[in-house]
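Analysis of the macromolecular model
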Amino acid sequence: MVKSVRDSYNKICDKWSDFCEGRKVNKCIADFVGLLEPRCKILDAGCGTGYPIAAFLAEKGFRVTGIDISEEMIKRAESLNLTDACFFVEDISEFHSDEKYGAVIAFDSLWHIEYGKQEEIYKVIASVLEQGGKFIFTHGRTDGEVTGTMYGEKFYNSALDGEKVRRLLTENGFEILSFTEDYKEETTGNRDLLVIAEKK
């Protein structure tokens with residue numbers, strides 16, 4: 001499943017890069033960084049081409065680590081030559097780090113994780129966050145698996161229902177700061193779910 005998503009993103013990288021080039025950073029991300037300590041380390045999980053989110057974070061003085069399963073996306077991100085930013089080909093569901101982060105951003109990425117691994121992801125995120133670290137993510141909220149199409153390529157998506165997500169966050173040591181279903185906003189568009197949580 002990871003291979004198919006990776007291959008699809010590799011194939012659409014040019015079109016995705018062109019699309020992202022004209023985008024402003026999502027308002028929810030701009031608001032989120034106001035909760036963070038200046039210059040803290042941020043893990044951008046599913047960073048894509050690095051634009052606009054990683055570029056915005058670097059411009060604001062944060063230290064950014066971006067990970068993505070697509071080799072082509074990571075090449076584009078590296079080509080930005082952002083200050084205090086590094087990028088790696090990694091799968092967030094298997095990510096391990098001795099380094100602790102002040103925040104994790106998973107914007108439009110968790111829904112590509114295999115359904116059978118959805119419950120595990122919150123433990124993974126908790127393991128790389130420092131105490132008091134913040135976690136923002138978008139997700140679906142309908143339990144199950146679907147396949148969608150973007151730029152002519154197929155993409156696997158899966159999600160758990162909202163109550164399971166709440167439970168898993170709590171079980172893995174998070175306090176939920178906001179839990180917004182049917183999030184709508186001009187720069188971001190519509191998302192089934194937008195969550196901000198803090199590691200206790």
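These figures come from a predicted structure and were not determined experimentally. (Residues numbered from 1 in each chain as written. Predicted model: local features only at pLDDT ≥ 70, side-chain atom pairs only at ≥ 80, totals over all residues. Heavy atoms only, no water.)

**With respect to the sheet that holds strand β3 (residues 85-89)**
The strands making up a sheet are joined through hydrogen bonds of the backbone, oriented either antiparallel or parallel. Keep this limit in mind: Paired strands are those between which DSSP finds at least two bridges. Counting from the N terminus, the helices are DSSP H or I runs at least four residues long and the strands are E runs at least two residues long. Here, axes are lines fitted to C-alpha atoms. For helices the fit covers the stretch in contact, and angles between N-to-C directions go from 0 to 180 degrees. Only heavy atoms matter for contacts: two residues are in contact if any of them lie within 4.5 Å across the pair.
An order of β3-β2-β1-β4-β5-β9-β8 is seen for the 7 strands of this open sheet, with the pairing classed as mixed. The outermost strands of the open sheet, each flanked by one partner alone, are β3 and β8 (174-185). For this sheet the average axis-to-axis angle between neighbouring strands, irrespective of direction, equals 15°. Packing of helix α4 (residues 71-78) onto the sheet brings it into contact with β2 (63-68) and β3, and relative to β3 it is tilted by some 165°. Across the sheet, helix α5 (residues 121-128) touches β1 (41-45), β4 (101-106), β5 (129-139), β8 and β9 (189-199), and the angle it forms with β5 is around 140°.

**Notes on unusual backbone geometry**
Here Tyr-51 and Pro-52 are connected by a cis peptide whose omega angle stands at 10°. Inspection of the secondary structure puts Pro-52 in the loop between β1 and α3 (53-59). The backbone phi angle of Arg-39 is positive, close to 65°, even though this residue is not glycine. Secondary-structure assignment places Arg-39 in the loop between α2 (27-32) and β1.

**As for α4**
Convention followed: Only protein chains enter the area calculation, which uses a 1.4 Å probe; residues under 20% of their type maximum are buried, those over 50% are exposed, and those in between are partly exposed. The directions from the helix axis to the C-beta atoms form the arc being described.
Residues of α4 that are buried: Met-73, Ile-74 and Ala-77. Buried residues in α4, looked at end-on, bunch into an arc of 100°, giving them a common side.

**Some words on the packing of aromatic side chains**
Put simply, the rule reads: Working definition: rings of Phe, Tyr and Trp (its six-membered ring) pair if their centres are within 6.5 Å, and the pair is stacked with planes under 30 degrees apart, edge-to-face with planes over 60 apart, and tilted otherwise. Two conditions define a charge sitting above a ring: the NZ of Lys or the CZ of Arg must be within 6 Å of the ring centre, and it must be within 35 degrees of the ring normal.
Going through the model one piece at a time under the given rule, you end up with 5 aromatic pairs. Judged by centre distance (5.4 Å) and plane angle (40°), the rings of Trp-16 and Phe-19 are tilted. Of this pair, Trp-16 and Phe-19 both sit in helix α1 (residues 2-21), 3 residues apart, which is roughly one turn of that helix. Trp-16 gets classed as buried once you look at its relative accessible area, which sits at 19%. The partly exposed category is assigned to Phe-19, whose relative accessible area is 40%. In this structure an aromatic cluster arises from ring pairing among Tyr-122, Phe-135, Phe-137 and Phe-174. Over the face of the ring belonging to Phe-179 we find Arg-166, whose NZ or CZ atom lies 3.9 Å from the ring centre.

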